[in-house]
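If you want the building blocks of each chain, they are given just below.
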Amino acid sequence: MLEELKEKVFKANLQLVKYGLVVLTWGNVSGIDREKGLFVIKPSGVPYDSMTADDMVVMDLNGNKIEGRLNPSSDTPTHAELYRKFGNIGGIVHTHSSWACSWAQAGRDIPAYGTTHADFANGSIPCARGLSEQEVAEEYELNTGKVIAEEFEKRNIDPDECPAVLVHRHGPFTWGKDSFKAVENALILEEVAKMACRTEKIAVGSKESNIGIEQYLLDKHYQRKHGKNAYYGQK
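What counts, and at which threshold
- Residues numbered from 1 in each chain as written.
- Predicted model: local features only at pLDDT ≥ 70, side-chain atom pairs only at ≥ 80, totals over all residues.
- Heavy atoms only, no water.
- Phe/Tyr/Trp six-rings, centres within 6.5 Å; stacked < 30°, edge-to-face > 60°.
- Helix = DSSP H or I, 4+ residues; strand = E, 2+ residues; numbered from the N terminus.
- Buried < 20%, exposed > 50% of the residue type's maximum accessible area, 1.4 Å probe, protein only.
- Lys NZ or Arg CZ within 6 Å of the ring centre and 35° of its normal.
- Salt bridge = Lys/Arg side-chain N within 4 Å of Asp/Glu carboxyl O.
- Disulfide = S-S within 2.5 Å.
- Axes fitted to C-alpha atoms, helices over the stretch in contact; angles between N-to-C directions.
- Left-handed = near helix turned anticlockwise from the far one by under 90°.
- Contact = heavy atoms within 4.5 Å.
- Nonpolar A, V, L, I, M, F, W, Y, C, P; charged D, E, K, R; others polar.

J.: Just checking my understanding: could you explain the packing of aromatic side chains for this structure?
T.: The description of an aromatic ring pair uses the distance of the two centres, along with the angle that the planes make with each other. Applying the stated criterion across every chain yields a total of four aromatic pairs. Aromatic pair phenylalanine 86 and tryptophan 175: ring centres 5.3 Å apart, planes at 55°, arrangement tilted. With phenylalanine 86 in the loop between α2 (76-85) and β5 (91-95) and tryptophan 175 in strand β8 (residues 171-176), this pair connects stretches of sequence that are 89 residues apart. Side by side, phenylalanine 86 and tryptophan 175 carry an identical accessibility label, which is buried. Arranged with centres 5.5 Å apart and planes meeting at 65°, the rings of phenylalanine 152 and tryptophan 175 form a pair that is edge-to-face. You can see phenylalanine 152 sitting in helix α6 (residues 140-155) and its partner tryptophan 175 sitting in strand β8, a full 23 residues away along the chain. Each of the two residues, phenylalanine 152 as well as tryptophan 175, counts as buried. Ring pairing ties together the aromatic residues Phe86, Phe152 and Trp175, which thus form one cluster. The ring of tyrosine 232 has lysine 225 sitting right over it, with the charged end atom 4.6 Å from the ring centre.

J.: Quick question: what am I supposed to make of the pattern of salt bridges here?
T.: Side chains that carry opposite charge are capable of pairing whenever their charged atoms lie near each other. The full count for this structure, using the stated rule, is 16 salt bridges. One salt bridge in this structure joins aspartate 33 and lysine 36, with 3.8 Å as the shortest N-O distance. When its relative accessible area of 18% is taken as the criterion, aspartate 33 is described as buried. For lysine 36, a relative accessible area of 53% translates into the label exposed. Beyond isolated ion pairs, a larger network of salt bridges with shared partners links Asp109, Glu151, Lys154 and Arg155.

J.: Whenever I open this one, the state of the cysteines confuses me. Can you help?
T.: Disulfide: a covalent bond formed between the sulfur atoms of two cysteine residues. Under the definition given, this model contains zero disulfides. Its sulfur unpaired, cysteine 101 is 10 Å from the next cysteine sulfur, which belongs to cysteine 127. Taking relative accessible area as the criterion, cysteine 101 reaches 6% and is therefore assigned buried. The thiol of cysteine 162 is unpaired, and the distance to the nearest cysteine sulfur, on cysteine 127, comes to 12 Å. Take cysteine 162: its relative accessible area is 3%, and that puts it in the buried class.

J.: Looking at this structure, I do not really get the packing of α2 against α6. What am I missing?
T.: Helices that pack against each other are described as a pair by the angle of their axes relative to one another and the distance between those axes. Look at α2 against α6: their axes get within 7 Å of each other, and the N-to-C directions meet at 35°. Every pair of crossing elements has a handedness; the one defined by α2 and α6 is right-handed. When α2 is examined against α6, the residues Pro77, Thr78, Glu81, Leu82, Arg84 and Lys85 are found in contact with a partner set consisting of Glu141, Leu142, Thr144, Gly145, Lys146, Ile148 and Ala149. Taken together, the residues of the contact of α2 with α6 break down into five nonpolar, three polar and five charged.

Now the structure itself:
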C-alpha cells in the first residue's frame, strides 16, 4: 500500500542525515496522500542507517495504523493534527536541529533580518507557546499540533506563507507540498536561525545596530519568489 509514497518518505528521512539536521534518531518525516486520506511516517526510534522503505508506517488521519510492522514515530499525532488543520501541506518534518532549537528553547520568534529570510517566509518564524502541565500529561503529541495550529490562527499567519514554526522549549516543525520540500524547508530554517543569531551577536555594541528588514524589501523578495507574478527561477 502506498509503495511510491513510502519510498519517497524513506528517502526524505535519509536527507535529514545528509543535511546534518538530525543526531541519532532525533527527527522524522512524513508525507500524505490527500485523496486516500492516509499518510506515511518514519517508525519510532529506528536508526537511519538500518531503515528501509518497508519500515515506513501507513496511518490514517484519526491516528489508526493501517499498515506497518513497526510502531510509528511518537510524533505521529502532531503530524496528523497539522495535516487536519493545514489542508494544503503534503509533507511534514520535525527535527531537533541545534540553531532552530536554540531559538525555540529561548521562546523567541526568529525575526526577519534579511533577504535570505524573506525568500523563505513572509515574516518572522513564530515560536508557539509551551504546553501546560495538563497538556503534556494528556495527549502530549496531539496537543503539540493543536498549539501550533492555535498559534497560526491567533496571529493570522498563512501556513503556506510561513512553512515553519518553533515550539517553546521543544523544537522546529516544517512543512511543504511534499516530504522533500518539507526537508528543504527544515534546512533553510536551520540556516535562517543561524544567521539571525549571528546577526544579533554582531549588532550588539555596534554603532549601526539598526537590524531588521524593511517591509518593502521583505515584500519584494517574498513576492518575487512566491507571489502570483513570481519571476525567480525557470518556468
